[in-house]
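Each chain, letter by letter, is given below.
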Amino acid sequence: MAVYMPRGQMNKQGPENCDVAALLNLINFCDHFSFVERRKLIEVIKCRNELMHSTEMSVSVEWLDNSVQKILDLLQEFQHVAETKTTSKIIQKIISSSWKVQISGMDMVDDAHASDEELNAEEIHNVELRLVREKLQELCFILEEQKELQEQDLNCLRRFKEFLKDNRELESELHDELQQLYKLEMKLNSVPEPVAEDEGEKE
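The rules we used
- Residues numbered from 1 in each chain as written.
- Predicted model: local features only at pLDDT ≥ 70, side-chain atom pairs only at ≥ 80, totals over all residues.
- Heavy atoms only, no water.
- Patch = residues over 30% accessible without salt bridge, like charges linked within 9 Å, V, L, I, M, F, W, Y side chains within 5 Å.
- Areas by Shrake-Rupley, 256 points an atom, 1.4 Å probe, with all protein chains shown as cover.
- Salt bridge = Lys/Arg side-chain N within 4 Å of Asp/Glu carboxyl O.
- Helix = DSSP H or I, 4+ residues; strand = E, 2+ residues; numbered from the N terminus.
- Buried < 20%, exposed > 50% of the residue type's maximum accessible area, 1.4 Å probe, protein only.
- Contact = heavy atoms within 4.5 Å.
- pLDDT = per-residue confidence, 0-100.
- Axes fitted to C-alpha atoms, helices over the stretch in contact; angles between N-to-C directions.
- Parallel < 35°, antiparallel > 145°, perpendicular 65-115°, else oblique.
- Nonpolar A, V, L, I, M, F, W, Y, C, P; charged D, E, K, R; others polar.
- Expected span 1.5 Å × (residues − 1).
- Arc of directions from axis to C-beta.
- Left-handed = near helix turned anticlockwise from the far one by under 90°.
- Core = buried A, V, L, I, M, F, W, Y, C linked by side-chain atoms within 4.5 Å.

A. Representation of a nonpolar patch on the surface in the model. A cluster of nonpolar residues, Val 59, Leu 64 and Ile 95, forms a patch on the protein surface that exposes about 190 Å² of accessible area. Positionally, Ile 95 belongs in helix H4 (residues 83–96). Taking relative accessible area as the criterion, Ile 95 reaches 30% and is therefore assigned partly exposed.

B. Structural context of the pattern of salt bridges. In this structure the tally under the stated criterion is 9 salt bridges. For Glu 37, the salt bridge identified is with Arg 39, shortest N-O distance 3.1 Å. Overall, the relative accessible area of 34% leaves Glu 37 in the partly exposed class. Put simply, Lys 40 and Glu 37 hold a salt bridge, and the shortest N to O gap is 3.9 Å. The exposure class of Lys 40 is buried, given its relative accessible area of 16%. Beyond isolated ion pairs, a larger network of salt bridges with shared partners links Glu 37, Arg 39, Lys 40 and Glu 77.

C. Focus on the side chain of Asn 28. Along the chain, Asn 28 turns up in helix H1 (residues 20–29). In contact with Asn 28, not counting residues within four places along its chain, are Arg 38, Leu 41 and Ile 45.

D. Structural detail: the confidence of the model for the protein. Counting all residues, the mean pLDDT for the protein is 75, and 71% of those residues have values of 70 or more. Confidence, expressed as mean pLDDT per element, reaches its minimum in the protein at helix H5 (residues 121–144) with 79 and its maximum at helix H3 (residues 61–75) with 92. In the predicted structure, residues 101–117 sits below a pLDDT of 50 and forms 17 contacts with residues beyond four places in sequence or in another chain.

E. Structural view of the environment of Met 52. Secondary-structure assignment places Met 52 in helix H2 (residues 38–53). A relative accessible area of 6% places Met 52 in the buried class. Separated by 79 residues in sequence, Met 52 and Leu 131 place their C-alpha atoms 9.0 Å apart. Those residues in contact with Met 52, other than ones at most four positions away along the chain, are Leu 131, Glu 134, Lys 135 and Glu 138.

F. Spatial organisation of the packing of H3 against H4. The N-to-C vectors of H3 and H4 enclose an angle of 170°; their axes lie 10 Å apart at closest approach. It follows that H3 is roughly antiparallel to H4 by the angle criterion. Facing H3, whose interface residues are Leu 64, Asp 65, Val 68, Ile 71, Leu 72 and Leu 75, H4 presents Thr 84, Thr 87, Ser 88, Ile 91, Gln 92 and Ile 95. Residues that form the contact of H3 with H4 fall into these classes: 7 nonpolar, 4 polar and 1 charged.

G. Focus on H4. The end-to-end C-alpha separation of H4 is 20 Å, in line with the 20 Å expected for 14 residues at 1.5 Å each. Of all the positions in H4, only Thr 84, Ser 88 and Ile 91 are classed as buried. Looking straight down H4, one finds its buried side chains confined to an arc of 65°; they lie on one side. Across from the buried face of H4, at angles greater than 90 degrees, the exposed residues are Glu 83, Lys 85 and Lys 89. Where the residues of H4 are buried, they touch H3.

H. Examining the packing of helix H6 (residues 151–165) against helix H7 (residues 175–189) more closely. At a minimum axis separation of 13 Å, H6 and H7 run at an interaxial angle of 145°. The crossing of H6 and H7 is left-handed. Only Leu 178, Leu 181, Tyr 182 and Glu 185 of H7 make contact with H6, whose side of the interface consists of Leu 157, Phe 160, Lys 161 and Leu 164. For the contact of H6 with H7, the per-class residue count stands at 6 nonpolar, no polar and 2 charged.

I. Quick peek at the nonpolar core. Among the nonpolar cores identified, the biggest contains 18 residues, and Leu 143, Phe 160, Leu 174 and Leu 181 are the most heavily contacted of them. Those elements that provide at least two residues to this core are H5, H6 and H7. Looking at which element gives the most residues to this core, the answer is H5, with 6 residues. Setting aside anything within four residues of it in sequence, one finds Leu 143 in contact with Leu 149, Asp 153, Leu 157, Leu 181, Leu 184 and Leu 188. Grouped together as the second largest cluster of nonpolar side chains are 10 residues, Leu 24, Ile 27, Val 36 and Ile 45 included.

This is how it looks when you write it as structure tokens:
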């Protein structure tokens, strides 16, 4: 399994500990998954990369709907796996949810009850946390490969910091990952600029 893990994740040994990139990488290159229609796999990989490599911290409803449908199409290739139906239902529940937060012990407006399509606060938080953590790890991987901060990197960092300002509750749970990101940023910012040769210097 380790051979398919992306950079920085070689210590993860089981599929339950892998991120999306590792699992897609495994399906793409391992002969065991040769039954999977490659077109469906490539479409999901493309969606994942668009999300993780984008400088934006949001997506359009149209993009989300299209991406979810592509994920569900790929899951159809694994109908022989018992957990597939459950996974598909979870995805459909998330995407069809009104994303209203139901707080235990408090009455809802008009004394209405939460429907099956509504998620509780913990479910919403867990979905958001997993997405942000993977985005954060992707940012760290990108910066680790850079010798200096590029304009695109600076835009990503700026937007990510703006997102965190509006979602302070995530900072404590992402403390270790954020410390790694800030250390990389400081390291790249401290790289000295190359000294230009004296134009008047002669060999």
